[in-house]
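In case you want the letters, here they are:
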Number of protein chains: 2
Amino acid sequence: MESEPTRVLLAVSESTIRGYPHASISSRGAFEWTIQKIVRSNTSGFRLHFLHVQVPDEDGFDDVDSIFASPEDFKSVKQRDRIRGLHLLEYFVNRCHEIGVACKAWIKKGDPKEVICREVQRVQPDLLVVGSRGLGPFQRVFVGTVSEFCVKHAECPVITIKRRADETPQDPVDD
Amino acid sequence: MESEPTRVLLAVSESTIRGYPHASISSRGAFEWTIQKIVRSNTSGFRLHFLHVQVPDEDGFDDVDSIFASPEDFKSVKQRDRIRGLHLLEYFVNRCHEIGVACKAWIKKGDPKEVICREVQRVQPDLLVVGSRGLGPFQRVFVGTVSEFCVKHAECPVITIKRRADETPQDPVDD
């Protein structure tokens, strides 16, 4: 007579490093840690929910060298974003399938920290897992941190999982 | 062929409310949540470590009405602190015993946030659990928050568990 599975919401992000597989280092680290240390062999006791928040037109850098000559050109950008988001989620859903833990995944657009907290209100998970780059105070000033915001504002317990030191890329702002 | 149990360090504190049983509301909430949502039926997969940090002579208030006439009088204060700390840990060790999960508990003296991070370095748990009163920014200015410090500085994943709204005492600084 086990109770309902523990519902874990994982906020996952794309890697910022060109040519890198799609999931960021901190997202993959947070996921693998959750499986290894929390879920363990009790795969039926947990249900994982993956939320990927896409920042609309983040800073325009990706499109600096693009030429937009027709409405179709914008559509192709949107289509490209969609495909990247799907690849990211596919990675995690495949891993869950291999491990045998039930999951669900979806994409939202907006400011990640706000969307994550709004989705916590909507979905009411038991636990929110966020990866963190573990940036120092100097780096934090420029990039803000989603994890800090969520720890303060999300209406459920939050676990922050820092990236391992040996996985930090040359520029720690990358992920 | 399960791997080593997941080692969870829980930082637990005394209640500040007179007459209340010894464990603070947020410590008990964090513990019960961990059992219910993380450990679940997998009691052999987890090992709980309880750390209680006693602030030496916190603000002297407790002793304002005491009269110290001999070295013995100071000893009796120390003895009283020791007994209160033991009662606190006994509560959690008893609960673990009832549930059937292995545990260990100890007391340290010092500044809670610093001692907790130092103990994480020493014990190297897989996960640190800290309860939080979920204070607003105005209240935070005066009381600081141990949980925020630990999320930033502890060298392991940290889960912050806010006190439930319906368990918040009249003065939210109390716990």
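Rules used throughout
Residues numbered from 1 in each chain as written. Chains lettered and ligands numbered in written order. Predicted model: local features only at pLDDT ≥ 70, side-chain atom pairs only at ≥ 80, totals over all residues. Heavy atoms only, no water. Core = buried A, V, L, I, M, F, W, Y, C linked by side-chain atoms within 4.5 Å. Buried < 20%, exposed > 50% of the residue type's maximum accessible area, 1.4 Å probe, protein only. Contact = heavy atoms within 4.5 Å. Axes fitted to C-alpha atoms, helices over the stretch in contact; angles between N-to-C directions. Helix = DSSP H or I, 4+ residues; strand = E, 2+ residues; numbered from the N terminus. Left-handed = near helix turned anticlockwise from the far one by under 90°. Least-squares fit on C-alpha atoms with pLDDT ≥ 70 in both. 1 Å grid on protein atoms, 1.4 Å probe; cavity = no way out; pocket = protein on both sides within 12 Å on 5 of 7 lines; lining within 4 Å. Points joined across faces, edges and corners; volume = space filled by probe spheres on them. Nonpolar A, V, L, I, M, F, W, Y, C, P; charged D, E, K, R; others polar. Pairing = 2+ DSSP bridges. Phe/Tyr/Trp six-rings, centres within 6.5 Å; stacked < 30°, edge-to-face > 60°. Polar contact = N/O pair within 3.5 Å; in protein donor to acceptor, adjacent residues only side chain to side chain. Salt bridge = Lys/Arg side-chain N within 4 Å of Asp/Glu carboxyl O.

Chain A goes by UspA domain-containing protein in an unreviewed UniProt entry, where it is assigned to Dipteronia dyeriana.

Student: Sorry, what's going on with the nonpolar core here?
Tutor: If you look at soluble globular proteins, the nonpolar side chains tend to sit buried side by side. Ranked by internal contacts, the top residues of the largest apolar core, which has 44 residues, are Leu48(A), Phe50(A), Leu48(B) and Phe50(B). Once you skip the residues sitting within four places of it in the chain, Phe50(A) turns out to touch Leu10(A), Val12(A), Phe31(A), Leu89(A), Phe92(A), Cys96(A), Cys103(A), Lys104(A), Ala105(A) and Trp106(A).

Student: Help me out: how do you make sense of the packing of helix 3 (residues 112-123) of chain A against helix 5 (residues 146-153) of chain A in this one?
Tutor: Helix-helix packing: each pair is described by the crossing angle between the helix axes and the interaxial distance. Residue and element names in this part refer to chain A. Interaxial distance between helix 3 and helix 5 falls to 9 Å at its minimum, and their mutual angle equals 30°. In the packing of helix 3 onto helix 5, the handedness of the crossing is right-handed. Contacts from Pro112, Lys113, Ile116 and Cys117 in helix 3 reach Val146, Phe149, Cys150 and His153 in helix 5.

Student: Help me out: how do you make sense of the relation of the copies chain B and chain A in this one?
Tutor: Superposition record for chain B on chain A: RMSD 0.1 Å, screw rotation 180°, translation along axis 0.0 Å. The superposition of one copy onto the other is thereby described by a two-fold rotation axis. Minimal C-alpha separation from the rotation axis in chain B is found for Ile159(B), amounting to 2.0 Å.

Student: Honestly, empty space enclosed by the protein in this entry has me stumped. Any pointers?
Tutor: In this approach a probe as big as a water molecule rolls over the atoms, and the regions it shows empty are the leftover space. Inspection of every chain in the model, using the stated rule, returns 1 cavity of 30 Å³ or more. Quantified by volume, the largest cavity comes out at close to 80 Å³. What lines the largest cavity is simply Glu148(A), Val151(A), Lys152(A), Glu148(B), Val151(B) and Lys152(B). Elements supplying a minimum of two residues to the lining of the largest cavity: helix 5 of chain A together with helix 5 (146-153) of chain B. Here the residues of the lining of the largest cavity sort into 2 nonpolar, no polar and 4 charged.

Student: Explain the pairing of strand 2 (residues 46-54) of chain A here, please?
Tutor: Each regular strand carries side chains that alternate between the two faces of the sheet. Residues and elements named next belong to chain A. By the criterion of burial, strand 2 is predominantly enclosed, with 8 of the 9 residues buried. Bridge analysis of strand 1 (residues 6-12) against strand 2 gives 7 bridges, and the strand direction is parallel. For Thr6, the partnering residue across the bridge sits in strand 2 and is Phe46. For strand 2 and strand 3 (residues 102-109), the ladder comprises 8 bridges, and the chain directions are parallel. When the bridges of strand 3 are listed, His49 appears paired with Lys104.

Student: How do you make sense of the packing of aromatic side chains when you look at a structure like this?
Tutor: Aromatic ring pairs: the centre-centre distance and the angle between the two ring planes describe each pair. Residues and elements named next belong to chain A. Going through the model one piece at a time under the given rule, you end up with 8 aromatic pairs over all chains. Both rings, one in Phe31 and one in Phe50, keep their centres 5.7 Å apart while their planes meet at 55°; by these two values the pair is tilted. Here Phe31, found in helix 1 (residues 25-39), pairs with Phe50, found in strand 2; they are 19 residues apart in sequence, far enough to count as distant. When its relative accessible area of 0% is taken as the criterion, Phe31 is described as buried. Phe50 gets classed as buried once you look at its relative accessible area, which sits at 0%.

Student: So what exactly am I meant to see when it comes to the environment of Asp126(B) here?
Tutor: With respect to the helices, strands and loops of the structure, Asp126(B) is situated in the loop between helix 3 (112-123) and strand 4 (127-132). The spacing of Asp126(B) and Pro5(B) is 121 residues in sequence and 9.4 Å in space, taken between C-alpha atoms. Leave out the neighbours within four places in its chain, and Asp126(B) touches Trp33(A), Lys37(A), Pro5(B), Thr6(B), Arg7(B), Cys156(B) and Pro157(B). Side chain to side chain, Asp126(B) and Lys37(A) meet in a polar contact 3.1 Å long. Looking at Asp126(B), its side chain comes within polar contact range of the main-chain nitrogen of Arg7(B), at 2.7 Å.

Student: Looking at this structure, how should I read the pattern of salt bridges?
Tutor: Opposite charge on two side chains makes pairing possible when the charged atoms of those side chains draw close. Under the counting rule described, the total for this entry stands at 16 salt bridges over all chains. The partner of Glu119(A) in a salt bridge is Arg122(A), and the shortest N-O contact between them spans 2.7 Å. Within this pair, Glu119(A) and its partner Arg122(A) are both found in helix 3, separated by 3 residues, close to a single helical turn. Taking the shortest distance from any N to any O, the salt bridge between Glu72(B) and Lys75(B) comes out at 3.4 Å. Note that Glu72(B) and Lys75(B) are positioned in helix 2 (residues 71-99) at a spacing of 3 residues, about one turn of the helix. A single salt-bridge network, built from bridges that share partners, covers Glu32(A), Arg95(A) and Glu98(A).

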